[in-house]
Amino acid sequence: MASDDVMEQLRDFKQSCIQTRDSLVAGHEDVATSPRKVSHCHNLEDAGGRWDSYFHYPFSNTPSPVACELVEVPEGFREECGPAKRWPDSETDFALTPLEEKTYRNLFYHTEHWNYYVEDEPYVGPCVLSIKQEAQETRALFRVIVRSPDYFVHGLLLPSNLSANRYDKDDIVSSLGKLMNFSSLFKFADKPDIEDEILKLDETFLKNSIKVGALLVRPGQSSEEDMLKNLHVPGGPFDQLLTLLGDRVALKGFHGFLGGLDPHNDLTGKESVFTEFEGIEIMFHVSTLLPYSNSDIQQVNRKRHIGNDITCLVFLEGPDCHFNPLWIRSHFLHSFIVVQLLSETTNEGLPLYRVSTISRNLVPPFSPQLKHYDIFPAGPGFRNFLLTKIINSDRACYDAPKFLRLTCRTRLQLLSEFVSTLSDEADLQKKYLSRRCVRRGSWIPFGASRPPSSFFDSVRDSYDNSDRLADDLTVALCTKNEFTDTTFLVGHNRVPMYGVKAILACRSRVMCRLFAEGSQQWNMPSCSRRSSSPPPTPRYTIKKRHSTGQPFEYMAGCDEARQQSGNEPYVVENIEETVFRELLCYFMTGSCNIHPLNIVGLACAAEYFDVPDLRQACLDHLICCLSSDILCQLLNQLEKYLTCQTAKSMLITVCSIVCMCVVCNKLTSFHTVCA
């Protein structure tokens, strides 16, 4: 949606919420048919508008100008008919109606963004805002979602449209609150699992399964009792249509979506029709497969399932049949998909069907449309069209005021509890915690490489260069000087290396245990013999490893030397000097150099020193640096550290890629296979 359209919706946000709520509370039945300022788009990323609809009004809400021969249109209903033209086989793009509930998962979840909340009483009520930065076509944009019990806005905003400093996210959010005329300010949602909570909130009403009635109408039938007494005819026209739409399944022991049918005692029939389409499970309540009773004129066992559905598929068995929705007495049925079997067939002998829909006036129109064609031959294209029409019909029916009123009431309760919980936790933190450091992510607008500052770039570069800072720390803390307090003698040549105990203990629990025990001789036991007893110091624990040998051995000085000096060097054997030097650099400065000659040793060292982020970095970099030039050297390293579980994992990865290269006959092009 264009930025100006989103701005207009935000300006009208408060008034729209009030109007929707007043109409629902007063019982007005024109909520779903009133004009809306909603962009006519089919793209979920650009959709925004009321919770009840943002997709519907590309279509006209007026009756179809084509006289419909399949249905009778009583007062309070609206039909959709086509021009009695054949469907072109080339057109197969039938899209499901996009849902606002999926916007947060698709565009915000697991990405850097910020969430805010506000309680605007007595008008809007609880409201939750999500905002993130994006760049499209070299433009800096803000993507926002604003949720209330009655209204939903989602779209992109240009920073120039907001009277705020784009470098200050709090100022941006405050500007949005003023734009929507809220009486209170947005507050930052400071909660560790806030993303999961919002995702659960948004997807509360998301349905991955629907139940649909399937009703057979034969020539001369014009009442509910006549239609519900039809018996099943194996291989008949109705059975052929059901076979095209789904699979015949036995209900007893069925583990999929049942739609209220009995899977234990065959109380709702022995079989039904089930299918899965675009990740949505559909169970059909087939009138001819539900239990039949000769003594029951109303066929209650059939009526109680079909009458409680929202959408019903009506099959007219012949060109002389027609349908009137008033023949079915139900407060729940809102939409009927009518399919008529034509007497003509295709050149290949396939049956032809004509489709029409009739819905209550309060149900918004839904796609795919029938204005260009409405006659289909039996086949996969017709199946896709019909199932898409059924699912979109079900979604549109929930936008009718009868169901929307219940949805908004439940959403109001959920949002109120959500905002109340966030507010209570914020009050407790303010009361009992004098200071709390929370990482909210980086807020550097696109087009600006750093926050504004009065320093010149040449001055700032000398302070902002993190690489230079890491180099300085390496020189200061990893070389012999008055600031280091521990020494390691590494490798067979006993190369001395230095560090600071306090930093090493914070960075590695293995190092922490070594220093905390204060033992004169410290040998890390083999993983296969490690007991499950807790470490001597309860505050620190050593994670269990897989049952593999230990390639590293650490030895402290003897008892006498340890008592005489608190800085006796530790001897580190079976580890290369270059690997341990990079490991120390990572401990002391937070960065190190990973290259093909040290990647295996560094990954294994990271495993045994309990540094998972460094180990993962090595595993991720393995594929990037893999090439035929260093394959032999890499295999030699893997053989040296093969007792380490990480080395085994890396060997499996390397062998898999080599096998793929051999199969693809591209042994010299590792990067092509990796990609």
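Residue positions are counted from 1 within each chain, in the order its sequence is given. Totals for whole chains, interfaces and linings use all residues, but because this is a predicted model, local features are given only for residues with pLDDT of at least 70 and pairs of side-chain atoms are given and counted only at 80 or more. Side-chain descriptors were evaluated using all non-hydrogen atoms of the structure, hydrogens and water having been removed beforehand.

Any two cysteine sulfur atoms within 2.5 Å of one another count as a disulfide. Counted according to the given criterion, the structure contains zero disulfides. Summary of cysteine pairing: cysteine 618 is not part of a disulfide, and the nearest cysteine sulfur, belonging to cysteine 592, is at 6.7 Å.

The next point concerns the confidence of the model for the protein. When the pLDDT values of the protein are averaged, the result is 76; 75% of them are 70 or greater. The pLDDT value expresses, per residue, how confident the predictor is, ranging between 0 and 100. For this analysis, residues touch if any pair of their heavy atoms sits within 4.5 Å. Within the model, the stretch residues 30–67 combines pLDDT values under 50 with 113 contacts to residues more than four positions away or in other chains. The model gives residues 445–464 a pLDDT under 50, and that stretch makes 22 contacts with residues more than four places away or in other chains.

Omega for the peptide link from serine 367 to proline 368 comes to -5°, which places this bond in the cis form. We count a stretch as a helix when DSSP gives it H or I for four or more residues in a row; a strand needs E for two or more, and each element gets its number in order from the N terminus. By the secondary structure assignment, proline 368 is in the loop between β14 (351–360) and β15 (375–377). Of note in this structure, histidine 110 is not a glycine but carries a positive phi near 65°. Residue position: histidine 110 is located in the loop between α3 (103–107) and β3 (114–120). Of note, the phi angle at asparagine 181 is positive, near 60°, even though the residue is not glycine. With respect to the helices, strands and loops of the structure, asparagine 181 is situated in the loop between α4 (169–179) and β7 (187–188).

To get an axis, a line is fitted to the C-alpha atoms, and for a helix only the part in contact is used. The angle between two axes follows their N-to-C directions and goes from 0 to 180 degrees. The contact between helix α17 (residues 599–608) and helix α19 (residues 631–640) brings their axes to 8 Å, and the two run at 30°. Between α17 and α19, the angle falls in the class roughly parallel. Residue-level inspection shows Ile599, Val600 and Gly601 of α17 in contact with α19, the latter providing Leu634, Gln637 and Leu638. Its residues assigned to classes, the contact of α17 with α19 shows four nonpolar, two polar and no charged. The cut-offs work like this: below 35 degrees is roughly parallel, past 145 is roughly antiparallel, 65 to 115 is roughly perpendicular, and the gaps in between are oblique. Nonpolar residues are Ala, Val, Leu, Ile, Met, Phe, Trp, Tyr, Cys and Pro. Charged residues are Asp, Glu, Lys and Arg, and all others, Gly as well, are polar.

Bringing the packing of helix α7 (residues 237–245) against helix α9 (residues 380–397) into the picture now. At a minimum axis distance of 9 Å, the contact between α7 and α9 shows a crossing angle of 85°. Considered as vectors, α7 and α9 are oriented roughly perpendicular to each other. Every residue of α9 that contacts α7 at Leu241, Leu244 and Leu245 is listed here: Phe382, Arg383, Leu386 and Leu387. Split into classes, the residues belonging to the contact of α7 with α9 amount to six nonpolar, no polar and one charged.

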